[in-house]
Amino acid sequence: MTAWRETMDWRAHIKWVEAVGLFALALWVRLYLINDTPRLEHPPSWDEIYHILAARSWMANGSLAIADGEYSRVPLFTISLGFLFRFFGDDLTVARSYSAVGGSALVAALFLWVRWNADRWAAWLAALLLCFSPMALFQSQHIRFYSLHAVVFWLGSVAVYALVMCRLRRWHAVLVTILAAWLFSLAMYLQITTLIGLAGISLWALFAWLARSGHELLTKSRANWLLLLWSVLLLAAAAIALNRFYPGLAGLFYFKPPMWSQQTGLHSYYMMFIRRYPSFWSLLPLAAIFAIARKSQPGIFCASIFGTAIVLHSLVPPRAERYIYYLLPFFFALWAIVLIEAAPYLRRLAAEVVRRTLNMKPRRCLDKTVASLIIWFVVLFMIASNPAFPIAYRMLAGGPVEFGGIPLYWWKKAPAWEAAAATLNPFIEHAAIVLTTRGIMTLYHLGRYDIEISKGVLQETDTGEEFGIDRRTGQRVISTAESLRQVMACYPSGLIVTTDCAANAPGSGPSREFCSLYGLSPGATDVVLSGTTVLPLRERSGLRAFYWEHPEGTPLGKCSFVAPDS
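Residues numbered from 1 in each chain as written. Predicted model: local features only at pLDDT ≥ 70, side-chain atom pairs only at ≥ 80, totals over all residues. Heavy atoms only, no water.

Visitor: How should the overall build of the protein be read in this particular structure?
Guide: Looking only at helices and strands, one finds 26 helices and 11 strands in the protein. Buried residues in the protein amount to 49% of all 566 residues. The contacts of the protein with a sequence gap of at least 6 include a subset with a gap of at least 24, amounting to 73%. Counting only carbon and sulfur atoms, one obtains 64% of the accessible surface of the protein, whose full area is about 27,400 Å². (Helix = DSSP H or I, 4+ residues; strand = E, 2+ residues; numbered from the N terminus. Buried < 20%, exposed > 50% of the residue type's maximum accessible area, 1.4 Å probe, protein only. Contact = heavy atoms within 4.5 Å. Areas by Shrake-Rupley, 256 points an atom, 1.4 Å probe, with all protein chains shown as cover.)

Structure below.
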């Protein structure tokens, strides 16, 4: 009877109630942002559109076709998105809710692991830091597989942690091993960067094995010396191979390593964290030492995996915020452990400061109250001093999401495609050819394009040369002024649609560099302005359109390329 009462005691299950509550909170925050699209000006990005169009095609005829091409990036994700469309309707909110659920599940999973291995309040702090992280908020409402990859990788890592640190029964160990292998296989399918995370897990597992049994094994058996030597050599070989051949592995997803990745350097992630979490990032080595000293097992686990992976991610391209999203739980778990473990020391120090400053005798109630106020001031000051927290607030409040004048997320200053459609549709219908610097977005919003003008996309085509074919859409891509002049000379009429980079990316920086890859070059701009008529679009729409029509009887140049519908 006593055991039954203990089993039914709600306190024994409170952690599950808390996890469900955190999942609900995270999901509400993410759905709140998704459902408020008009206020945030959050239309689908080019990456999202690939999945949307391919999912529509699968729902219609069972293929992943987009125009004359096929989108084969993580097809099971796109097919599952098609299922969502079939059962819940073809809607942007439905599509984004997929990632919202994955991101919310990651918050709950992080809470449970920290709760079991550290402290209840550390678990709450880690979960809330992840819940309101700007990176997590954005990726959790983006129609991509990064949220799913993050939660799958985290669960696989936790399974390995249980295998190494817990004394499981034989069959339990077998089941957990199978589960971990399946999870990491799924993570690898979603993102090849799982290899980098696995390098961190392997290093941690080696440390844990040596700490537990290495000394005893090495002193008793020569064979175990050889085993350890081979393990170290294999780990080193894997790290070297990953550093050397990762650009080749990127070819599994890209026809060639994307040109935009060349705009990033070794310091990209360092600067990303120092700009978002300067307090956390600058003190990270000290935090790792403190966490390992206070909670050695989870501390070493988080520090080893995050540290190894962030270094390897910095060494190899491509580099982007979404590629390290899966590392955030390790980062926040480490800091949550540190802050909660340091809180009692800080409270005592604050109480001592109060007594010495006011020359008072110890008074427990007063000391505790004033010390708590000081601690809360420190916390609020830290929140205000780390830009990530104000950024998250602006995201939720619908304000401008930028830092240092550079937009962090494409929620503001988005081109007004729908408003321009009324003006452009008649030209779309009558033009002999349609060119654009935003191929997939033009296809999504306007329903047609024939040739894309983009230096960045050109490198990802089948040949990498002018008039190469983008396999995702089956359309041709050009980048030079001469190619554009050739197209304009051999078609009697045509429409050119481009975004206004001057309006969307003021000054210099990543946005300006992006426009140089996915916009008109100066020479191409001269060709367009000298041979076309500017179409009137709404002021500050973020779009520009140009139309040409040669007089009847004008001799056309010979098209030396094979173009759609030629």
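Having seen the model, we can carry on.
Visitor: Would you mind showing me how to read unusual backbone geometry here?
Guide: When glycine is set aside, most residues are seen to have a negative phi, and most peptide bonds are trans. Although it is not a glycine, Ala67 sits at a positive phi angle of roughly 55°. Counting through the fold element by element, Ala67 comes out in the loop between strand 1 (65-66) and strand 2 (69-70). Non-glycine residue Val74 carries a positive phi angle of around 45°. Within the secondary structure layout, Val74 lies in the loop between strand 2 and helix 5 (75-88). Residue Val74 is classed as buried on the basis of its relative accessible area of 4%.

Visitor: How should I be thinking about the environment of Ser385 in this particular structure?
Guide: Examined against the element boundaries, Ser385 turns out to sit in helix 18 (residues 364-385). Separated by 108 residues in the primary sequence, Ser385 and Tyr277 have C-alpha atoms spaced 8.4 Å apart. Polar contacts involving the side chain of Ser385 include one to the main-chain carbonyl oxygen of Phe381, which spans 2.6 Å. (Polar contact = N/O pair within 3.5 Å; in protein donor to acceptor, adjacent residues only side chain to side chain.)

Visitor: Any chance you could explain helix 10 (residues 170-190) here in plain terms?
Guide: Residue pairs three or four apart in sequence face the same way in an α-helix, which turns once every 3.6 residues. Along its 21 residues, helix 10 runs 30 Å from first to last C-alpha, staying within 8% of the 30 Å computed at 1.5 Å per residue. Turning to helix 10, its buried residues number three or more, namely Val176, Ala180, Leu183, Phe184, Ala187 and Leu190. The arc that holds the buried residues of helix 10, viewed along the axis, is 110°, so those residues lie on one side. Along helix 10, the residues that are exposed and aim more than 90 degrees away from the buried face are Arg170, Trp171, Leu175, Ile178 and Trp182. (Expected span 1.5 Å × (residues − 1). Arc of directions from axis to C-beta.)

Visitor: Is there a simple way to think about the packing of helix 23 (residues 481-490) against helix 26 (residues 522-531) in this case?
Guide: For any two helices packed against each other, the geometry comes down to the angle between their axes and how far apart the axes lie. Helix 26 packs onto helix 23 with a crossing angle of 25° between their chain directions and a minimal axis gap of 8 Å. Looking at the two axes, helix 23 sits roughly parallel to helix 26. Taken together, the residues of helix 26 that come into contact with helix 23 (itself represented by Ala481, Leu484, Arg485 and Met488) are Gly523, Ala524, Val527, Val528 and Gly531. Class assignment of the residues belonging to the contact of helix 23 with helix 26 gives a composition of 6 nonpolar, 2 polar and 1 charged. (Axes fitted to C-alpha atoms, helices over the stretch in contact; angles between N-to-C directions. Parallel < 35°, antiparallel > 145°, perpendicular 65-115°, else oblique. Nonpolar A, V, L, I, M, F, W, Y, C, P; charged D, E, K, R; others polar.)

Visitor: How should I be thinking about the packing of aromatic side chains in this particular structure?
Guide: Centre-to-centre distance and the angle between the planes together describe a pair of aromatic rings. All chains considered together, the criterion is met by 36 aromatic pairs. Aromatic side chains Trp113 and Phe301 sit 5.3 Å apart centroid to centroid with 40° between the ring planes, which places their arrangement in the tilted category. Note that Trp113 is positioned in helix 6 (residues 92-117) and Phe301 in helix 16 (residues 296-315), a separation of 188 residues in sequence. On the basis of relative accessibility, which here comes to 3%, the residue Trp113 falls in the buried class. Residue Phe301 is classed as buried on the basis of its relative accessible area of 0%. Centroid distance Tyr161 to Trp204: 5.6 Å. Interplanar angle 15°. Geometry classified as stacked. Remark: Trp204 occurs in helix 11 (residues 194-220) and Tyr161 occurs in helix 9 (residues 146-165); sequence separation between them is 43 residues. Both residues of the pair, Tyr161 and Trp204, count as buried. Here the aromatic cluster, defined as three or more aromatic residues joined through ring pairs, consists of Tyr270, Phe273, Tyr277, Phe280, Trp281, Phe306, Phe331, Phe332, Trp335 and Phe389. Positioned above the aromatic ring of Tyr323, the side-chain terminus of Arg322 is 4.9 Å from the ring centre. Its guanidinium or amino end placed over the ring of Tyr345, Arg348 lies 5.1 Å from that ring's centre, counting from NZ or CZ. (Phe/Tyr/Trp six-rings, centres within 6.5 Å; stacked < 30°, edge-to-face > 60°. Lys NZ or Arg CZ within 6 Å of the ring centre and 35° of its normal.)

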